[in-house]
Amino acid sequence: EAEEGDEANRYEDAELEEGFGDLDRDASQSISLDEWRRPFEEHTDSWLQIADTEAQQEAQIAHYKDVFVQMDHDGDGMLNEAELQYEMDNLREQQRRADGRDGDWEE
């Protein structure tokens, strides 16, 4: 059952490919920083407009860049599908731990 639980927590290949494809607007098989930022900026435009200061806006944009750089394991300035899958798996594991599930499945 441990394998079933682990497998259920992993993003399906089709799900990852769809999300990756949505971000990879130029179909280069990698996600540039601009492609990475675009959905966040579109989603948070209204939030950024009501931010108290320009410094808060700049901090939010810097945060997206920092996350991108952390996810770019090979340092080529682009995210590939393997890097994205690694980060999604890592986030899922962090959530499991936060929920009090340490990955040890008992029957």
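Everything that follows concerns the structure shown earlier in this document.
Residues numbered from 1 in each chain as written. Predicted model: local features only at pLDDT ≥ 70, side-chain atom pairs only at ≥ 80, totals over all residues. Heavy atoms only, no water.

> Help me understand the overall build of the chain in this model?
In terms of helices and strands, the chain carries 5 helices and 2 strands. Counted from the first residue to the last, the chain has its helices and strands arranged as α-α-β-α-α-β-α. Here the chain holds 107 residues, and 24% of them are scored as buried. On the chain, roughly 7,700 Å² of surface is accessible, and the fraction owed to carbon and sulfur atoms is 45%. (Helix = DSSP H or I, 4+ residues; strand = E, 2+ residues; numbered from the N terminus. Buried < 20%, exposed > 50% of the residue type's maximum accessible area, 1.4 Å probe, protein only. Areas by Shrake-Rupley, 256 points an atom, 1.4 Å probe, with all protein chains shown as cover.)

> Would you explain unusual backbone geometry in this entry?
Peptide bonds are, in most cases, trans, and in most cases residues other than glycine have a negative phi. In this structure, A27 is a non-glycine residue whose phi angle is positive, near 55°. Take A27: it is sitting in the loop between α2 (13–23) and β1 (31–32).

> Just to check I follow, could you spell out the packing of aromatic side chains for this structure?
Geometry of an aromatic ring pair is reported as the spacing of the ring centres plus the angle between the planes. On inspection of all chains with the given rule, the structure shows 1 aromatic pair. For the ring pair W36 and F68, a centre distance of 6.4 Å and an interplane angle of 50° mean the geometry is tilted. Of this pair, W36 sits in helix α3 (residues 33–49) while F68 is found in helix α4 (residues 54–71), placing the two residues 32 residues apart along the sequence. (Phe/Tyr/Trp six-rings, centres within 6.5 Å; stacked < 30°, edge-to-face > 60°.)

> Teacher, can you tell me more about the packing of α2 against helix α5 (residues 81–98) here?
In a packed pair of helices, the relevant descriptors are the angle between the two axes and the axis-to-axis distance. Axis separation between α2 and α5 bottoms out at 11 Å; the angle between their running directions is 120°. The interaxial crossing formed by α2 with α5 has right-handed handedness. Contacts from L16, E17 and F20 in α2 reach E81, L84 and Q85 in α5. Residue composition of the contact of α2 with α5, grouped by class: 3 nonpolar, 1 polar and 2 charged. (Axes fitted to C-alpha atoms, helices over the stretch in contact; angles between N-to-C directions. Left-handed = near helix turned anticlockwise from the far one by under 90°. Contact = heavy atoms within 4.5 Å. Nonpolar A, V, L, I, M, F, W, Y, C, P; charged D, E, K, R; others polar.)

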